Amino acid sequence: MTKASVLPDANGHFGPYGGRFVSETLFAALDELSDTYDLLWQDPAFQAEFDLDMAHYVGRPSPLYHAKRLTKTYGGAQIYLKREDLNHTGAHKINNTIGQALLAKHMGKPRIIAETGAGQHGVASATVAARLGLECVVYMGVEDIRRQAQNVYRMKLLGATVVGVTSGTQTLKDALNEAMRDWVTNVDNTYYIIGSAAGPHPYPKIVRDFQSIMGREARRQTLERTGRLPDAVIACVGGGSNAIGMFHPFLEDKDVRLIGVEAGGSGLESGRHAAPLSAGTPGILHGNRTYLMSDENGQILPTHSVSAGLDYPGVGPEHSYLKDTGRAEYVIATDTEALDSFRELCLLEGIIPALESSHAVAYACKLASQMRPDQTIVVNLSGRGDKDMQTVADIDGIKV
Amino acid sequence: MSRIAACFDALKAQGRQALIPYVTAGDPNPQVTVGLMHQMVSVGADIIELGIPFSDPMADGPVIQLACERALAHKTSLAMILSMVAEFREQNDTTPVVLMGYLNTVEKMGYDVFVATAKKVSLDGVLLVDLPPEESEDFGKDLRQAGLDAIFLITPTTTEERIKKICAAGSGYMYYVSLKGVTGAAAIDTDAVAEKLDLVKQHTQLPLGVGFGIRDADSAARVAQIADGVVVGSVLVNALGDNASDPEKGCAQVVLTLSEMRQAMDTAV
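What this report covers is the structure whose coordinates are included nearby. (Residues numbered from 1 in each chain as written. Chains lettered and ligands numbered in written order. Predicted model: local features only at pLDDT ≥ 70, side-chain atom pairs only at ≥ 80, totals over all residues. Heavy atoms only, no water.)

**Some words on unusual backbone geometry**
Working note: non-glycine residues mostly have negative phi, and peptide bonds are mostly trans.
Residue and element names in this part refer to chain A.
And step 1. The peptide bond linking L7 to P8 adopts the cis configuration, its omega dihedral lying at 5°.
And step 2. Relative to the elements of secondary structure, P8 occurs in the segment before β1 (13-14).
And step 3. For the bond running from R60 to P61, omega is -5°, close enough to zero to count as cis.
And step 4. By secondary structure assignment, the location of P61 is in the loop between α2 (44-58) and β3 (64-66).
And step 5. Phi at T89 is positive, roughly 75°, even though this residue is not glycine.
And step 6. Mapped onto the secondary structure, T89 falls in the loop between β4 (78-83) and α4 (93-107).
And step 7. Here the phi dihedral of Q170 falls at roughly 60°; this positive angle occurs in a residue that is not glycine.
And step 8. As for its position among the elements, Q170 is in the loop between β7 (161-165) and α8 (172-185). (Helix = DSSP H or I, 4+ residues; strand = E, 2+ residues; numbered from the N terminus.)

**Observations regarding the pairing of strand β9 (residues 229-232) of chain B**
And step 1. Of the two faces of β9 of chain B, the one carrying G229 and V231 of chain B and the one carrying V230 and V232 of chain B are both buried.
And step 2. After leaving strand β8 (residues 208-211) of chain B, the chain enters helix α10 (residues 217-224) of chain B and then returns to the sheet as β9 of chain B, a path that is right-handed. (Buried < 20%, exposed > 50% of the residue type's maximum accessible area, 1.4 Å probe, protein only. Right-handed = clockwise from strand over helix to strand, strands pointing away.)

**Concerning the interface of chain A and chain B**
And step 1. Between chain A and chain B, the residue contacts involve 37 residues of the former and 34 residues of the latter.
And step 2. Roughly 2,900 Å² is buried in total at the junction of chain A and chain B, and carbon and sulfur atoms are behind 50% of that figure.
And step 3. The largest per-residue losses of area from chain A upon contact with chain B belong to E24, R181 and Q299 of chain A, which jointly make up 24% of the total buried on that side.
And step 4. Remark: the boundary between chain A and chain B carries 4 salt bridges.
And step 5. A salt bridge links D56 of chain B to K173 of chain A; the nearest nitrogen and oxygen atoms lie 2.8 Å apart.
And step 6. The element that contributes the greatest number of residues to the side of chain A that touches chain B is α8 of chain A, accounting for 7 residues. (Contact = heavy atoms within 4.5 Å. Buried area = accessible area lost by both parts, 1.4 Å probe. Salt bridge = Lys/Arg side-chain N within 4 Å of Asp/Glu carboxyl O.)

**As for the sheet that holds β4 of chain A**
Residues and elements named next belong to chain A.
And step 1. Spatial ordering of the open sheet is given by β3-β4-β14-β9-β10-β13, a layout of 6 strands whose pairing is mixed. Of all the strands in the sheet, the pair left with one neighbour each is β3 and β13 (328-334). Within this sheet the neighbouring strands show an average axis-to-axis angle of 30°, counted without direction.
And step 2. Sheet topology places strand β9 (residues 232-237) next to strand β14 (residues 376-381); 3 bridges connect them, and they run parallel. Within β14, the residue paired with I234 across the bridge is V379.
And step 3. Along the sheet, helix α12 (residues 317-325) makes contact with β9 and β13, crossing β13 at roughly 110°.
And step 4. Strand contacts of helix α13 (residues 335-349): β3, β4, β10 (257-265), β13 and β14, with the helix running at about 85° to β13, the strand carrying the most contacts. (Pairing = 2+ DSSP bridges. Axes fitted to C-alpha atoms, helices over the stretch in contact; angles between N-to-C directions.)

**What about the packing of helix α5 (residues 120-132) of chain A against helix α7 (residues 149-157) of chain A?**
All names here are of chain A.
And step 1. Interaxial distance between α5 and α7 falls to 9 Å at its minimum, and their mutual angle equals 10°. Overall, the two elements α5 and α7 adopt an arrangement that is roughly parallel. Here Q120, G122, V123 and A126 of α5 lie close against α7, whose contacting residues are N151, R154 and M155. (Parallel < 35°, antiparallel > 145°, perpendicular 65-115°, else oblique.)

**Comments concerning a negative patch on the surface**
And step 1. Together, D189, D191, E195 and D198 of chain B make up a negatively charged patch on the protein surface.
And step 2. Positionally, E195 of chain B belongs in helix α9 (residues 190-201). (Patch = residues over 30% accessible without salt bridge, like charges linked within 9 Å, V, L, I, M, F, W, Y side chains within 5 Å. Areas by Shrake-Rupley, 256 points an atom, 1.4 Å probe, with all protein chains shown as cover. Lys, Arg positive; Asp, Glu negative; His and termini not counted. Charge placed at Lys NZ, Arg CZ, Asp CG, Glu CD.)

**Details of the packing of aromatic side chains**
All names here are of chain A.
And step 1. Under the defined criterion, the tally for this structure stands at 14 aromatic pairs over all chains.
And step 2. Ring geometry for Y37 versus F210: centroids 6.0 Å apart, planes at 85°, classification edge-to-face. Linking Y37 in helix α1 (residues 27-41) with F210 in helix α9 (residues 203-226), this pair joins segments that are 173 residues apart in sequence. Side by side, Y37 and F210 carry an identical accessibility label, which is buried.
And step 3. One aromatic cluster is present, built from ring pairs that chain together Y37, W41, F50 and F210.
And step 4. Across the ring face of Y65, the terminal group of R83 is positioned such that the distance to the ring centre comes to 5.9 Å.
And step 5. Between K323 and the ring centre of Y291, over which it is positioned, the NZ or CZ distance is 5.4 Å. (Phe/Tyr/Trp six-rings, centres within 6.5 Å; stacked < 30°, edge-to-face > 60°. Lys NZ or Arg CZ within 6 Å of the ring centre and 35° of its normal.)

**What to know about the nonpolar core**
And step 1. L103, W183, Y191, Y192 and F247 of chain A together with Y175 of chain B are the most contacted members of the largest nonpolar core, which totals 115 residues.
And step 2. Ignoring any residue separated from it by four or fewer positions in sequence, one finds Y192 of chain A in contact with Q100, I113, A114, E115, L176, A179, M180, W183 and Y203 of chain A.
And step 3. With 67 residues, the next largest nonpolar core counts V32, I52, L208 and M265 of chain B among its residues. (Core = buried A, V, L, I, M, F, W, Y, C linked by side-chain atoms within 4.5 Å.)

**Let's talk about the sheet that holds β1 of chain A**
Residues and elements named next belong to chain A.
And step 1. What the 4 strands build is an open sheet, ordered β1-β2-β12-β11; its pairing is antiparallel. Edge strands, defined here as strands with exactly one partner in the open sheet, are β1 and β11 (281-285).
And step 2. Relative to strand β2 (residues 17-21), β1 is paired through 2 bridges, and the arrangement is antiparallel. Across the sheet, residue H13 finds its bridge partner in β2, namely G18.

**A short note on the environment of S62 of chain A**
All names here are of chain A.
And step 1. Within the secondary structure, S62 sits in the loop between α2 and β3.
And step 2. Residues S62 and V400 lie 338 residues apart in sequence; the distance between their C-alpha atoms is 31 Å.
And step 3. Each residue touching S62, except ones within four places of it in the same chain, is listed here: K82, R83, E84, N87, E217 and Q221.
And step 4. There is a polar contact of 3.4 Å between the side chain of S62 and the side chain of R60. (Polar contact = N/O pair within 3.5 Å; in protein donor to acceptor, adjacent residues only side chain to side chain.)

**Concerning the pairing of strand β2 (residues 48-51) of chain B**
All names here are of chain B.
And step 1. Judged by which residues are buried, β2 turns out to be covered on both faces: I48 and L50 on one side and E49 and G51 on the other are all buried.
And step 2. Relative to β2, strand β1 (residues 18-24) runs parallel, the two sharing 3 bridges. The residue bridging T24 from the neighbouring strand is G51, located in β2.
And step 3. In this fold, the crossover linking β1 to β2 by way of helix α2 (residues 33-42) has right-handed handedness.
And step 4. Note that β2 and strand β3 (residues 97-101) share 4 bridges and pair parallel. Note that in β3 the partner of E49 across the bridge is V98.

Given below as structure tokens:
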């Protein structure tokens, strides 16, 4: 059997998932990207350029922090947090945007576009565009613009144009549609930085490879700190970039449980959630085959999550593959559970996590309480919660 | 012989080109569609492309996205659309009908069920904009076995190598997308299109239809001089959208536009 860690195949397939389901106009651009990437990723000079930026612009390696008071509260496994929230721009998204912006530069594209949900990927894209002197246009659903006003302002300060998307559900999936439309139209001079490990081949592979720096570090750091590999690695899953980046370097470590936490929203039974792996079926959206939330006629369903970054009806195709093969497990945390963990981490550890990451923390705490104190859980704290102040204050009925 | 081949053969014998209107099925409501199909045929439509509405039409501009939303507000499903084709066939057994849309609707119905039903209702062709030849080997085979044409897009960015591959996989006609962009975008550059069509012709005997950017009688006539078929969509869908509360008026506008195009195409030769 093929080792899971060497996928995708040459056509971008992870088993039945992934692939390249896009309109013909984009094929030449995707082939060009694929060829460029395959060359550069093997090129030591490109790797050195990427590593240098990771060290001195992003601030890597990010710490692996032993959350002792959180651990004590749940009385079980030791909980470690991979502190992606400490990265420049405040989330893991920057790892990928730096890598892809370097690709854009090597391909001679003067203009980059991006889609964003919570705004973290948009900010990270605007950041690298500013640094490299590239024009940057970010597509964002107007519903998300409302929820994440601060990030919108950050993008504007960084010189990006933020385009509000009013079609469909006005969230991340619609922003992705609109970015694709822009790309089809301006494909000659434009590089599309996809922020999730989703989209058509080769994006799921590229995003995973750039994000895998998190998992490689976490694996090494856990060995250094505890003398052994973790018993479980936990990350939240929207499109799935922070999860796949954490999981991938552990794929062949069969004793390490890999657990993705989807947005349970108001609960699976309510239908108001964003959990395609837990409650969806395979289908085709945004250029790949993967688990989706769609109705009996194949129409994509509206999603709900308190966190804009998880509010997406699909998921990266590699997660679909890992689910079917059983190598990774996928569970949910509800809005309420995520908010409780958000507050708990603030009070116990002095860390304000992103609402997205709070889903992973919520499940980690639940699991830790069923494990032994000599066991270890590593949680990807994929982003910081500054951007969520408005959302949480609104829920608390407080005017900030 | 398939209806599509017969249609192009007959037109060729007359020295004429196919007029191929696109409308989204169920827009502005499902009761309108079959009647509109007959009306379009009566003013000279040769082949009808019927859109399958999808919630996330990535390759379409705002005009067709809104048409999808109107159709979906009435819960227009692929199963309903296949029934519409059956109903159309009760009175018309010659005009080819091609379904155009996105793969997920077909995948959800199930490929076997779709192909069997499509054959039963005498559908002629299928064009799924997000299903390239690479991903459609099995489905393409099933379609061929059922006597249905698999129609693919070729665009300004398609390399010669891919043109070969696409021509080998396609049947019925090839659909050339005249510009880089979504449906309903810029106006057409006929010279640039003619150049690329010459290249495509080196790799296929199939008729060539051209779409995107054709919005009036003049552009339709110009395209008719370089292609075998003229596909017109957004301008018609726009007329339906502008008159969504008065579908009769919208249909009359569609009929008027098409008859002007027909006339211009036939007199330009």
